Amino acid sequence: MWRFRTGSPWRDVPESYGSWSTVYDRFRMWACDGVFQALMEAMIAEAAARDDVDLSLVSVDSTVARAHHHAAGMVVDPELLEDLEKAVAEEKGLRQRDKTIP
């Protein structure tokens, strides 16, 4: 947990926790075995049983990662793609002309 709280790389884990590679290996093993998922589910179930669920503690990450259309499997009509490429070329030409005007 120290590593995630500080945002440090694994190699910077203090020696008092043991060898960084041992700490990483144990973390990885627990993650793959579902230990963290089971712990989270148990905590949520216990809070729900006590009627102690506080949605103000919910954190939603709004980070957006967009893939290039080739990576996302997007299919574009060849005629539309040609028209778009022409429009981009024309716009580049207009920009270059604007730069040369004193």
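## Brief notes about the pattern of salt bridges
Should their charged atoms come close, side chains of opposite charge can pair.
Phase 1 of the analysis: Counted under the stated rule, the structure contains 3 salt bridges.
Phase 2 of the analysis: Each of Glu-46, Arg-50 and Asp-52 takes part in one network of salt bridges that share partners.

## So, a nonpolar patch on the surface
Phase 1 of the analysis: A cluster of nonpolar side chains, namely Met-29, Trp-30 and Val-35, defines an oily patch on the protein surface of about 270 Å² accessible area.
Phase 2 of the analysis: Along the chain, Trp-30 turns up in helix H2 (residues 20-33).
Phase 3 of the analysis: Of the residues examined, Trp-30 reaches a relative accessible area of 37% and is grouped as partly exposed.

## A look at H2
Phase 1 of the analysis: The first and last C-alpha atoms of H2 sit 20 Å apart over 14 residues, in line with the 20 Å expected at 1.5 Å per residue.
Phase 2 of the analysis: Phi turns positive, to about 80°, at Gly-34, one or two residues after H2.

## Section: helix H3 (residues 35-49)
Phase 1 of the analysis: Compared with an ideal rise of 1.5 Å per residue, which puts 15 residues at 21 Å, H3 spans 21 Å between its outermost C-alpha atoms and is within 8% of the ideal.
Phase 2 of the analysis: Note on H3: the residue one or two positions beyond its end, Asp-51, has a positive phi of about 55°.

## What about unusual backbone geometry?
Phase 1 of the analysis: The backbone of Asp-51 shows a phi angle near 55°, a positive value even though the residue is not glycine.
Phase 2 of the analysis: Summarising the element assignment, Asp-51 is placed in the loop between H3 and helix H4 (69-72).

## Details of the side chain of Ser-8
Phase 1 of the analysis: Assignment of secondary structure puts Ser-8 in the loop between helix H1 (2-6) and H2.
Phase 2 of the analysis: In this structure Ser-8 touches Trp-2 and Arg-3, once residues within four positions along its chain are discounted.

## So, the packing of aromatic side chains
Phase 1 of the analysis: Counted under the stated rule, the structure contains 6 aromatic pairs.
Phase 2 of the analysis: Their ring planes at 90° and their centres at 6.0 Å tell us that Phe-4 and Trp-10 sit as a pair that is edge-to-face.
Phase 3 of the analysis: For Phe-4, a relative accessible area of 43% translates into the label partly exposed.
Phase 4 of the analysis: Given a relative accessible area of 16%, Trp-10 falls into the buried group.
Phase 5 of the analysis: With a centroid separation of 6.2 Å and an interplanar angle of 70°, the aromatic rings of Trp-30 and Phe-36 are classed as edge-to-face.
Phase 6 of the analysis: Among the aromatic residues, those joined into a cluster by ring pairs are Phe-4, Trp-10, Tyr-24, Phe-27, Trp-30 and Phe-36.

## Some details on the confidence of the model for the protein
Phase 1 of the analysis: Per-residue confidence for the protein averages 83 on the pLDDT scale, and 82% of its residues sit at or above 70.
Phase 2 of the analysis: Summarising per-element confidence for the protein, the mean pLDDT is lowest in H4 (68) and highest in H2 (94).

The rules behind each value
Residues numbered from 1 in each chain as written. Predicted model: local features only at pLDDT ≥ 70, side-chain atom pairs only at ≥ 80, totals over all residues. Heavy atoms only, no water. Salt bridge = Lys/Arg side-chain N within 4 Å of Asp/Glu carboxyl O. Patch = residues over 30% accessible without salt bridge, like charges linked within 9 Å, V, L, I, M, F, W, Y side chains within 5 Å. Areas by Shrake-Rupley, 256 points an atom, 1.4 Å probe, with all protein chains shown as cover. Helix = DSSP H or I, 4+ residues; strand = E, 2+ residues; numbered from the N terminus. Buried < 20%, exposed > 50% of the residue type's maximum accessible area, 1.4 Å probe, protein only. Expected span 1.5 Å × (residues − 1). Contact = heavy atoms within 4.5 Å. Phe/Tyr/Trp six-rings, centres within 6.5 Å; stacked < 30°, edge-to-face > 60°. pLDDT = per-residue confidence, 0-100.

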